[in-house]
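In case you want the letters, here they are:
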Amino acid sequence: MNFTVGFKPLLGDAHNMDNLEKQLICPICLEMFSKPVVILPCQHNLCRKCANDVFQASNPLWQSRGSTTVSSGGRFRCPSCRHEVVLDRHGVYGLQRNLLVENIIDIYKQESSRPLHSKAEQHLMCEEHEDEKINIYCLSCEVPTCSLCKVFGAHKDCEVAPLPTIYKRQKSELSDGIAMLVAGNDRVQAVITQMEEVCQTIEDNSRRQKQLLNQRFETLCAVLEERKGELLQALAREQEEKLQRVRGLIRQYGDHLEVSSKLVESAIQSMEEPQMALYLQQAKELINKVGAMSKVELAGRPEPGYESMEQFSVNVEHVAEMLRTIDFQPGAAGDEEDDEVALEGDESNAGLEEERLDGPEGLH
């Protein structure tokens, strides 16, 4: 039904009293704080009874909802700012009382009880019966109405109830609904927190596996570098041996060439001697030296293909193909001990690869 709002004459400080009353409303029961009033770590206030109700709704496994004592700690979230409140074994009874707020409530109630300083009274007035206050509730139509509407008006055939009774009932229902909603929000927040922890765990595990993967490939690269160094050393030794032999032959042939050239020069000079007697004195010796020099046998030259180093080529295609087959092991355990065992296994495999490279199939 339609109704209007009527006001009694306002006192000078009624507006301030209304503002003060709004600051003294509990966010759970939506009524003025009832003693004792507890202050949360986030500096918001609650009735201790309401705080206990929210705590029990958020921690159903700790104890029954109807209990008024808490035997062990737990946690819940502030209904005003969603800050998580952690309780000790004293539960909500371990929270500090806000004596300042309790004193303000006492002063407010004292001031409100004085006729000259009472807050402005606000009443809903019936639109059809302008002088009648809204004082009953139509259960059939689910609207507030006045007594005359029940006796003579549109609600005469409806079922009604006193307005305060319905007011208290619906406030209680709303308070319970708020508590359930807060508890539901806490459960949702717990799930979100759990999933955030899962994300963090995924990042940590991925970072750890990346480190292990890098470590294993670095170990494999170290094995390859070590083997490459050994093969290069073998190649360098063979190179040095061949070079020493060939250079020794070069020196031997060079010495022979030098002696032969000097002998040729002496023979030519002797042939230019004009006196036959003097020439004949030297000719016999020179002829014998030239004959002996022509009969000197030098060491054999390097055999054909001696300069080739093809025997030091390495076939790594099968090793490269095997490296390309490296993949993750889906069933491998992820703890550190298993990772260490896996690393040792990788080092053993690298040792086998080294032996394989040393074998006859590695060189051709």
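Small disclaimer: the values here were computed from a predicted structure and weren't measured.

J.: Can you help me understand the UniProt feature "coiled-coil region" (unreviewed entry) in the chain in this one?
T.: UniProt tags residues 221-252 as "coiled-coil region" (unreviewed entry). Secondary structure across residues 221-252 comprises 100% helix and 0% strand; the distance between its end C-alpha atoms is 46 Å.

J.: Explanation requested: unusual backbone geometry in the structure shown.
T.: Most peptide bonds are trans, and most residues other than glycine sit at a negative phi. A cis amide bond links Lys 35 with the next residue in sequence, Pro 36, at an omega value of -5°. Looking at the secondary structure, you find Pro 36 in the loop between helix 1 (14-23) and strand 2 (37-39).

J.: What is the right way to look at the sheet that holds strand 7 (residues 136-138) in this model?
T.: By way of backbone hydrogen bonds, the strands of a sheet pair with one another, either parallel or antiparallel. Strand order across the open sheet formed by 3 strands is 8-7-9, with antiparallel pairing between neighbours. The sheet is open, and its two borders are formed by strand 8 (143-145) and strand 9 (160-162), each paired with just one other strand. The sheet shows a mean angle of 35° between the axes of neighbouring strands, taken without regard to direction. Examined bridge by bridge, strand 7 and strand 8 share 3 bridges and lie antiparallel to one another. Bridging from a neighbouring strand, Cys 138 pairs with Val 143 of strand 8. Running at roughly 85° to strand 9, helix 5 (residues 163-271) makes contact with strand 7, strand 8 and strand 9 of the sheet.

J.: Which parts of the structure should I look at to understand the pairing of strand 5 (residues 84-87)?
T.: Residues of strand 5 alternate between two faces, with Val 85 and Leu 87 buried on one and Glu 84 and Val 86 left unburied on the opposite face. Across 4 bridges, strand 4 (residues 74-77) lies against strand 5 in antiparallel orientation. Bridge pairing in strand 5 links Gly 74 to Leu 87. Connecting strand 4 to the next strand, strand 5, in antiparallel fashion are 6 residues, including Arg 82 with a positive phi near 70°.

J.: How do you make sense of the state of the cysteines when you look at a structure like this?
T.: Here a disulfide denotes one covalent bond, and it connects the sulfur atoms of two cysteines. Using the criterion set out here, one finds 0 disulfides in the structure. Cys 146 carries a free sulfur, and the closest cysteine sulfur to it, the one in Cys 149, is 3.5 Å from it.

Criteria and cut-off values
- Residues numbered from 1 in each chain as written.
- Predicted model: local features only at pLDDT ≥ 70, side-chain atom pairs only at ≥ 80, totals over all residues.
- Heavy atoms only, no water.
- UniProt positions renumbered as here; feature names shortened; annotations may be inferred.
- Helix = DSSP H or I, 4+ residues; strand = E, 2+ residues; numbered from the N terminus.
- Pairing = 2+ DSSP bridges.
- Axes fitted to C-alpha atoms, helices over the stretch in contact; angles between N-to-C directions.
- Contact = heavy atoms within 4.5 Å.
- Buried < 20%, exposed > 50% of the residue type's maximum accessible area, 1.4 Å probe, protein only.
- Disulfide = S-S within 2.5 Å.

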